[in-house]
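In case you want the letters, here they are:
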Amino acid sequence: MQRWRTFSILVALGLVVAACTTTSTSQEPSGSAEPSTPESMAPFVATSYPADGPADCAYGGEFSQITAVDEFTVRFDLCYPDPAFLAKIAFTANAINDTAWLEANMVNHLILARPNGTGPYKFKEYVRGDHITLEKFDGYWGDAAIAQEVIFQWNSEAAARLLALQAGTVDGIDNPGTDDFPVIEGDANLALEPREALNVFYVGITNTYAPWDNELVRQAVGLGIDRQRIVDNFYPAGSTVADYFSPAALAYASEGAAWPDFDPTAAKAKLAEAGFPDGFDTTIFYRDVVRSYLPTPGLVAADIQNQLLVNLNIRADIVVQDSGTFIDNSSQGLLNGLHLLGWGADYPDTSNFLDYHFNNPANLQFGTIDSSVSDAIAAGGQTLDPAARAAAYGDANTALVETVPMIPIAHGGSGAAFRADVAGAHSSPLGNEYFAVMDPGGRSTMVWMQNSYPISLYCADETDGETLRVCEQVMEALYSYSIGGTDAVPQLAEECVGNDDLTSFTCTLRQGVSFHDGSHFDANDVVASYAVQWDAAHPLHIGRTGSFEYFAAFFAQFLNAPE
Amino acid sequence: MSHEIMTAPGDTISARPANMWRDAGRDILAQRSAQVGLVILSALFAIALAAPIIAVHEPNDPVGIAEGLTAQQRGPCIRLLGCPEERPEHIFGVDRNGRDVFSRVVHGARVSLWIGFATVGFAIFVGTLLGSVAGFAGGWIDNLIMRLMDVLLAFPALVLAIAIVTVLEPGLVNAGLAIGVVAIPIYARVMRASVLSIKERDFVTASRALGESPSGILLRRIVPNALTPLIVQGTLGIASAILDIAALSFLGLGAQPPLAEWGSMIGLDRNQLFTDPHLILIPGVALSLSVLGFNLLGDGLRDALDPRLNR
Amino acid sequence: MAAPFRVSASRSSGYTPAMLRFITRRVLLTIPVLIGIVFVVFAVARILPGDPCKAALGERATEARCALFRERFGLDEPIPVQFGIYLSDLSRGDLGTSISQGVPVSDMLVQRLPLTLELTFFALALAASLGILLGVAAAARRNSAVDVATMVGANLGISTPVFVLGLLLIFIFAVVLRDTPFVLPPGGRLTAGVTIIPLTESWGLTELEGPLRIVVDFFSNMYLLNSLITGQWEVLGDALRHLILPAVALATIPLSIIARITRSSLLDVLGQDYIRTARAKGLSEQRVVLRHGLRNAILPVVTVIGLSLGSLLAGAVLTESIFGLTGLGRTITDAVLARDYAVVQGLTLVTAVIYVLVNLIVDISYGYLDPRIRLQ
């Protein structure tokens, strides 16, 4: 009896203790991931990945090994030279996470809601559906943020965003409508920050369907669309006609032959030569989604339809597809006709534009890519000599004009708008506005309204710019892009130096950097952050959907990729 | 659950049909709301019929771009109200593709009218079929059909319509189909209520005893009885069909570009309220007036034809 | 529509056997409807064309990654198996996980439904008060200019697209009236920086888990209710100010119907014999209309108010969009467009169930109040 009572009391106590130690929902990093030994005390044990030696490069990816040489030095060994390496590691998806944090929060998916970074702001709360609050991190290694808090809000309607700015309830907005630019410029209380066009809008042609398999037909349409008219009527100030596929700001973008000018007479002649003096019937496909490369898809589709009819007697139907279906169909080459699509820069290098579209066996958008194009692009991506790169990309662009897999139309400008009293306001060509340097007119809170909400806060497994912008404030990578610019500049690394043939990069890390939860930043964290993405068989290769899109796009392939 | 139907099945029917129609017509015209509604609708029909004649331009012709109009010059320009000679006249302005808004609005009247009638026609056809079967058969067939109607009614109309349209692929006809499907239960219930109220009447039992066939009873007794609430409900139904299809087109799921439909026009330009208000307000007013016309007429019809109102 | 009953007559007391039988029959009839809803929801979600993987991963999705994606979310199983899994999850209260957001659908429900409910009820209250007022005014002076004017006005409300009305309201109250005391915010639920203390914190329940936690969080997300019962008066005021414009825009949808029904129902009643008697007795017109007429005429109005819920939820889609409110209507539409099966199924199901339950309650109360209905 006595024992039974004691036992039951102990059981009851145990239950009470168990109930009281359950944690609550989305709050700031609460140190539940505290390792048992304080990091500063434990001796540094260097790690490398893979631990037992470099991976066999036959797997097809860029990395062969990532090694923590010592506590503050990391070396990346590559399977092939990568001249764009520094630009790639600056991307937010490659932000560095604390090893213990990854281990404690990945499997249970908590990392999606609780970011723990090294940035000037730390995560405070995400009131789903309404707003995200970040607050200033006092332990930041660099220049402290100015505003005490940053609040992210969102609204998909451009008119509503502008209204909020005019009403003064927000300090900055993203993507005002095309016609709102003059309104903002004319308002003394507002300031417009135009965004350089690091994107391209093109009309894609899948050349496996007749009559698009006839190169003359494609060339005729290439001459028969007045691209200037489209830019003048449907794009905001700061947009330019696309003379090349890659936007002019990128190095090597403007090599080789430029796109020929609009010439309806020559176009008609060419079409007749191809055997279609009276034109033909076709379809224009697009998705009704706003992007900086194509802010008004419906209007542009209608205009292209009209131009094809008037200039070339080509009668086109318009078919609107939903976004997922459209992407699916286009990348599998299933669209019989013309499709309207574009591309925004992930990292500021020409390879980001040309390689994905014209030297990518998984992308069947354009049907068969002529080897003159893909060979030239391959050459340009793996040489280091600037002159050789320029020549290779020049050849590629010239081949594009010849073979017309697509017709580049515009580089779409966009912009951000702020209240006039926000000091340090800027827009970023990559969409990476950096709020730590903005002073919202002396107010303690900076309120920013963008198009849409972040899906999760673990950006290694995200692709959407709205999500990445939040991560930008909180997380840091080895390098970053200059504020408002595109140059890769050191961030968590003091410097990364490549060897002679750019197959290995050694990064010296900053010392004395803390994560928001108090952990210390060291080389093992770099190894872990990359390893989790790189190895498909890694126990922590989970993320949100497990796709790690950007890793695959930048570094070609995962280790142990499933067949 | 018949309380959401606006009228109850009528009572006895006048023994002299010819006078019934004349009387009804006079009663209808005596209602103020019906008068206003008829005026609006006559204008609407006239415009729709005459659309190809009165539209100055083709609805899909980007004349504005050819004329070199800038973004600031899109607004209405009416000679009579002082539009300068150098500027081409567009009494309702042009849209962002340079298309003449007046021509598009006028053609849009055709689109809205035909799809409104088609949608309600479809719903009435299927609904009355289901309702008569349910009413006549009774028992488990009645139960099954009415449960199906309940399931349909359980969803917010627009949400279900969105789902249906997405399944069928966006398009004007599919949007009409979706809205029609969602509206079927209303007419099914009207018909069923009519059938039920007549079925048990003495004179029906007598007729059947005398050997009159069910279809004969249906045609000569039940249908005229159900006609009144069907007409009233149908008129109001056209109003909401036009509005719902405009809502679907607004969301991009109904009329597809470049078709000139009022809802689609507003949807495409919804962020232009402060830069080009005419692009939203003019189709918006057209939509409001048309729906208003049908609503007023429906109200007037109900007031006139409901025999229980003491006058 | 059943005619109203005499004033003096049988307002029976509650739970007679007939009444119980009526309630039971009504409840039992609801069950097949609910089953039908579950099935329809699942079927429609599966018939939707388009690949959720491409919708979720966008331009950069490749087939290999989509294979992983589909496996993760059980989308590669045959349809009947998926339905079976869905049903078993449902019986445990698990509504699945959102494909595009990676959060449980029940979480989304707790976050978004309260807002829609608050907005809907606020709009309904506005529409009911104004609608009844207009309907009475119109019926009292039937076929006069006042009648037509109020009906035209109410009809204009329903005829004007909610979106345009919303933008106009924002423009007037948030921009034009910006520096006046009449200013209203252009969107959102609370001003940036104003935070509401969740009920779990106010009541010291932060360690609560399980279904009870879900219920508490649900009510916590109704900002008006929460701030009212915990005395956060500033938050209450702020939340109210944010809800006014969307509620007004939304209210125009049922306004016309309520006005119209009030009018026609009142006209029905005013045509009855006992009204003539009341007038003959010398009662004032106002008393006749309001006390004798409206009391009996109110029943169909109550029914219609309940039924308006459907159109309100639909109108909420457009209203939520323009006012930047993330509520149920918007979420379902986005989910349909993104092929997020779990969200479409879960939220549509919940919406339909709510709708059915509301109708059930209205039905039963209607039967309670009108004895002839329950004898059918």
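Everything that follows concerns the structure shown earlier in this document.
This one's a predicted model, so the numbers in the text were calculated from it and none came from an experiment. (Residues numbered from 1 in each chain as written. Chains lettered and ligands numbered in written order. Predicted model: local features only at pLDDT ≥ 70, side-chain atom pairs only at ≥ 80, totals over all residues. Heavy atoms only, no water.)

A.B. asks: How do you make sense of the overall build of chain C when you look at a structure like this?
C.D. replies: Looking only at helices and strands, one finds 16 helices and 0 strands in chain C. For chain C, the proportion of contacts with a sequence separation of at least 24, taken over those separated by at least 6, is 75%. Accessible surface, chain C as shown: approximately 15,300 Å² in total, 67% of it carbon and sulfur. (Helix = DSSP H or I, 4+ residues; strand = E, 2+ residues; numbered from the N terminus. Contact = heavy atoms within 4.5 Å. Areas by Shrake-Rupley, 256 points an atom, 1.4 Å probe, with all protein chains shown as cover.)

A.B. asks: Looking at this model, I keep getting lost on the overall build of chain B. Mind explaining?
C.D. replies: Looking only at helices and strands, chain B features 11 helices and 0 strands. Secondary structure of chain B in N-to-C order comes out as α-α-α-α-α-α-α-α-α-α-α. Within chain B, residue pairs in contact and separated by at least 24 positions form 74% of the contacts whose partners lie at least 6 positions apart. For chain B, the exposed surface amounts to about 12,800 Å²; the carbon and sulfur share of it is 66%.

A.B. asks: I tried to follow the state of the cysteines on my own but got confused; where do I start?
C.D. replies: Put plainly, two cysteines are in a disulfide when a covalent bond ties their sulfur atoms together. If you walk through the whole model with that rule in mind, you get 4 disulfides over all chains. Across the disulfide, Cys-496 of chain A is cross-linked to Cys-507 of chain A (sulfur-sulfur distance 1.9 Å). Torsion about the S-S bond of the Cys-496 of chain A and Cys-507 of chain A cystine: about 110°, corresponding to right-handed handedness. Here Cys-507 of chain A lies in strand β22 (residues 504–509) and Cys-496 of chain A lies in strand β21 (residues 493–498), a separation of 11 residues in the sequence. Taken as a pair, Cys-496 of chain A and Cys-507 of chain A share a single burial class, namely buried. A disulfide bridge connects Cys-77 of chain B with Cys-83 of chain B, and the sulfur atoms are separated by 1.5 Å. Across the disulfide from Cys-77 of chain B to Cys-83 of chain B, rotation about the S-S bond amounts to roughly 45°, and the bridge is consequently right-handed. Residue Cys-83 of chain B is classed as buried on the basis of its relative accessible area of 9%. (Disulfide = S-S within 2.5 Å. Buried < 20%, exposed > 50% of the residue type's maximum accessible area, 1.4 Å probe, protein only.)

A.B. asks: Please explain the pattern of salt bridges as it appears in this structure.
C.D. replies: Opposite charge on two side chains lets them pair, provided their charged atoms get close. All names here are of chain A. Scanning the entire structure with this criterion turns up 31 salt bridges over all chains. Across the pair Arg-469 and Glu-466 runs a salt bridge, and its minimum N-O distance is 3.4 Å. Here Glu-466 and Arg-469 lie together in helix α14 (residues 465–474), a separation of 3 residues that amounts to about one turn. Comparing Arg-469 with Glu-466 shows no difference in burial state: the two are buried. (Salt bridge = Lys/Arg side-chain N within 4 Å of Asp/Glu carboxyl O.)

A.B. asks: Please explain the interface of chain B and chain A as it appears in this structure.
C.D. replies: Interfaces are frequently sized by the accessible area removed from exposure as the parts join. Opposite the 18 residues of chain B that make contact, chain A presents 20 residues. Summed over both partners, the interface of chain B with chain A comes to about 1,700 Å²; 52% of that surface belongs to carbon and sulfur atoms. The largest share of the area that chain B buries against chain A comes from Ile-65, Arg-96 and Asn-271 of chain B, three residues that together contribute 31% of it. Linking Asp-179 of chain A and Arg-74 of chain B is a salt bridge whose minimum nitrogen-to-oxygen distance equals 3.2 Å. The tally of links between chain B and chain A comes to 6 residue pairs in polar contact (both at pLDDT 80 or more). (Buried area = accessible area lost by both parts, 1.4 Å probe. Polar contact = N/O pair within 3.5 Å; in protein donor to acceptor, adjacent residues only side chain to side chain.)

A.B. asks: Teacher, can you tell me more about the side chain of Ser-246 of chain A here?
C.D. replies: Secondary-structure assignment places Ser-246 of chain A in the loop between β10 (240–241) and α8 (264–273). Not counting chain neighbours up to four residues away, the residues in contact with Ser-246 of chain A comprise Ala-253, Thr-350, Phe-353, Leu-354 and His-411 of chain A.

A.B. asks: Just to check I follow, could you spell out the side chain of Arg-287 of chain A for this structure?
C.D. replies: Residue and element names in this part refer to chain A. Looking at where Arg-287 falls in the secondary structure, it is placed in strand β11 (residues 281–287). Residue classification places Arg-287 among the buried residues on the basis of a relative accessible area of 5%. Within the structure, the side chain of Arg-287 is placed 3.1 Å from the side chain of Tyr-293, a separation counted as a polar contact.

A.B. asks: Please clarify how the interface of chain C and chain B should be interpreted in this entry.
C.D. replies: Taken together, the contact pairs 57 residues of chain C with 53 residues of chain B. Here chain C meets chain B over a buried area of about 4,800 Å², counting both sides, of which 70% is carbon and sulfur. Linking chain C to chain B there are 0 salt bridges. Seen at the junction of chain C and chain B, the total is 0 residue pairs in polar contact (both at pLDDT 80 or more). Counting only elements with at least two residues in the side of chain C that touches chain B, the list comes to α1 (17–47), α6 (145–159), α7 (162–176), α11 (233–270), α13 (285–322), α14 (328–337) and α15 (341–369) of chain C. Ranked by the residues each element gives to the side of chain C that touches chain B, the list is headed by α1 of chain C, at 10 residues. Considering only residue class, the side of chain C that touches chain B consists of 37 nonpolar, 13 polar and 7 charged. (Nonpolar A, V, L, I, M, F, W, Y, C, P; charged D, E, K, R; others polar.)

A.B. asks: Please explain the sheet that holds strand β3 (residues 73–78) of chain A as it appears in this structure.
C.D. replies: The strands that make up a sheet pair up through hydrogen bonds in the backbone, lying either parallel or antiparallel. Residues and elements named next belong to chain A. Strand order in the open sheet formed by 5 strands is β1-β2-β3-β22-β21, with antiparallel pairing between adjacent strands. The sheet is open, and its two borders are formed by β1 (48–49) and β21, each paired with just one other strand. Looking at chain direction, strand β2 (residues 63–70) and β3 are connected through 6 bridges and run antiparallel. Following the sheet pairing, Ala-68 is matched in β3 by Val-74. Running at roughly 160° to β2, helix α15 (residues 523–534) makes contact with β1, β2, β3 and β22 of the sheet. (Pairing = 2+ DSSP bridges. Axes fitted to C-alpha atoms, helices over the stretch in contact; angles between N-to-C directions.)

A.B. asks: Please clarify how the pairing of β21 of chain A should be interpreted in this entry.
C.D. replies: Residues and elements named next belong to chain A. Where β21 meets β22, 5 bridges bridge the pair, whose relative direction is antiparallel. Paired with Cys-496 across the bridge in β22 is Cys-507. Between the antiparallel neighbours β21 and β22 lie 5 residues, among them Leu-502 with a positive phi of about 55°.

A.B. asks: Would you explain the sheet that holds strand β13 (residues 338–344) of chain A in this entry?
C.D. replies: Residues and elements named next belong to chain A. Read from one edge of the open sheet, 6 strands run β10-β14-β9-β13-β11-β12, paired in mixed fashion. Every interior strand has two partners, whereas the edge strands, β10 and β12 (315–321), have only one. Here helix α10 (residues 323–331) sits on the sheet in contact with β11, β12 and β13, set at roughly 100° to β13.

A.B. asks: Just checking my understanding: could you explain a nonpolar patch on the surface for this structure?
C.D. replies: All names here are of chain C. A surface patch of nonpolar side chains, amounting to about 710 Å² of accessible area, comprises Trp-203, Val-215, Phe-219, Leu-225, Leu-228, Ile-229 and Trp-233. When residues of the nonpolar patch are traced back to their parent elements, those giving at least two are α9 (210–220) and α10 (223–230). Element by element, the count of residues in the nonpolar patch is highest for α10, at 3 residues. Structurally, the position occupied by Leu-225 is in helix α10. (Patch = residues over 30% accessible without salt bridge, like charges linked within 9 Å, V, L, I, M, F, W, Y side chains within 5 Å.)

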